[in-house]
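Structure at a glance
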Amino acid sequence: MQPKPIVLAFDTSAAHCAAALLLGDRVVTHVDEMAKGQAEHLMPLLEGMLAAENLTWADLDGIGVGVGPGNFTGIRISLAAARGLALGLGKPAVGVNGFDARAFQEPLPYTATIPAPRNQSYIQTYASDGIGSPVHLDRTAETQKPATTLIANVAQLAAARLEDDNPRPTPLYIRSADAAPPRDPAPTILP
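So, here is what we can say about the structure in this document. The structure presented is a predicted model; accordingly, all values stated were derived computationally and were not measured.

Procedures and definitions
Residues numbered from 1 in each chain as written. Predicted model: local features only at pLDDT ≥ 70, side-chain atom pairs only at ≥ 80, totals over all residues. Heavy atoms only, no water. Helix = DSSP H or I, 4+ residues; strand = E, 2+ residues; numbered from the N terminus. Rg over C-alpha atoms; globule rule 2.2 N^0.38 Å. Buried < 20%, exposed > 50% of the residue type's maximum accessible area, 1.4 Å probe, protein only. Contact = heavy atoms within 4.5 Å. Areas by Shrake-Rupley, 256 points an atom, 1.4 Å probe, with all protein chains shown as cover. Pairing = 2+ DSSP bridges. Axes fitted to C-alpha atoms, helices over the stretch in contact; angles between N-to-C directions. Salt bridge = Lys/Arg side-chain N within 4 Å of Asp/Glu carboxyl O.

1. With respect to the overall build of the protein
Within the protein, the regular secondary structure consists of four helices and eight strands. Listing every helix and strand of the protein by position from the N terminus yields β-β-β-α-β-α-β-α-β-β-β-α. Taking 191 residues into account, the globule formula puts the C-alpha radius of gyration at 16 Å, and the protein, at 18 Å, falls close to it. By the burial criterion, 41% of the 191 residues in the protein qualify as buried. Long-range pairs, those at least 24 residues apart, make up 60% of the contacts in the protein between residues at least 6 apart in sequence. Total accessible area on the protein stands at roughly 10700 Å², and carbon and sulfur atoms take up 55% of it.

Have a look at this one:
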C-alpha cells in the first residue's frame, strides 16, 4: 500500500492568508484574516506550519494552491509562491479553483457561489455527474463555508490530483482587472 501524500496548500485570493497541511488522514489548517500584507505573511506562515509538524520542505509530496476567482493581486501572490516552490523543490503544484473547493464532498447536483464585486456572486452548478456548468454572474448569496474548510478541501483535492497530468497552476479570472492600460503613448528609447 502506497503511503498517503503530504501536501501543503495555500490561498490568498480573498481577505485572508489560508494554509493547510495534509498529513495522511489528518489536515492541519491555519487562517489569518487580513485585507493586505499576504505576500509578506505567506512564507513565514507556511514555514511555521511545517516546523510545528517537524517537517521540512523536502518532506512534501506536492503543493496545492487556490487559483481563484477572487482578488487579482491575492491570486498572483499564491500562484507565484506555488510555482516558485514547485520549481525549487521539484514537486508538483496543483491548482484548485474556488468552485471545486466549495463543491468538494457535497451531494450532487450542487451550486457553488463565490462573492463577486457589486453585491453579486460568481456561480457554477455541478450536475449529478460532477460536471460543472459555465460560470456566470448573478445576484445570489454566496455559498457560506469557513475558510478553514475551503483550504482543507484545496489540500485534499490537490492530493487526489497529484498523479494526474496537471498543467502548472493558472489563475481563474472571471472578469478583467479594474486597472486600465495607460493612455499615454509608450516612451521612445533614444540610441
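The rest of the description comes next.
2. Comments concerning the sheet that holds strand 4 (residues 62-66)
In space, the five strands of this open sheet follow the order 3-2-1-4-5, with mixed pairing throughout. Two strands lie at the open edges of the sheet, namely strand 3 (26-33) and strand 5 (93-96), each paired on one side alone. Each strand axis lies, on average, 15° off the axis of its neighbour in the sheet, ignoring direction. Examined bridge by bridge, strand 1 (residues 6-11) and strand 4 share four bridges and lie parallel to one another. Of the residues in strand 4, the one forming a bridge with A9 is G64. Lying on the sheet, helix 1 (residues 38-52) is in contact with strand 1, strand 2 (16-23) and strand 3; it crosses strand 2 at an angle near 25°. Here helix 2 (residues 72-89) sits on the sheet and contacts strand 1, strand 4 and strand 5; the angle it forms with strand 4, its principal contact strand, is near 170°.

3. Notes on the environment of I75
When you line up the elements, I75 lands in helix 2. Measuring from C-alpha to C-alpha, the distance between I75 and T188 comes to 33 Å, with 113 residues separating the pair along the chain.

4. Looking at the side chain of Q38
Relative to the elements of secondary structure, Q38 occurs in helix 1. Apart from the residues within four sequence positions on either side, Q38 is in contact with T12, A14, A15, H16, C17 and I77.

5. Notes on the sheet that holds strand 7 (residues 120-126)
The strands that make up a sheet are held in pairs by hydrogen bonds between backbone atoms, and each pair lies either parallel or antiparallel. If you walk across this open sheet you meet the three strands as 6-7-8, and the pairing is antiparallel. A single partner strand is all that each edge strand has here, and the edge strands are strand 6 (110-116) and strand 8 (136-138). The average undirected angle you get between the axes of adjacent strands in this sheet is 35°. Pairing of strand 7 with strand 8 involves three bridges; the strand directions are antiparallel. Opposite I123, over in strand 8, you have H136 as the bridge partner.

6. Here's the deal with the pattern of salt bridges
Taken as a whole and judged by the stated rule, the model has four salt bridges. Put simply, R161 and D100 hold a salt bridge, and the shortest N to O gap is 3.1 Å. Here D100 lies in helix 3 (residues 98-103) and R161 lies in helix 4 (residues 147-161), a separation of 61 residues in the sequence. Looking at R161, the relative accessible area reads 22%, which means it is partly exposed. A salt bridge links E106 to K145, with the shortest nitrogen-to-oxygen separation between them at 2.6 Å. With a gap of 39 residues between them, E106 in the loop between helix 3 and strand 6 and K145 in the loop between strand 8 and helix 4 connect regions that are remote in the sequence. Using a relative accessible area of 27% as the deciding quantity, one classes E106 as partly exposed.

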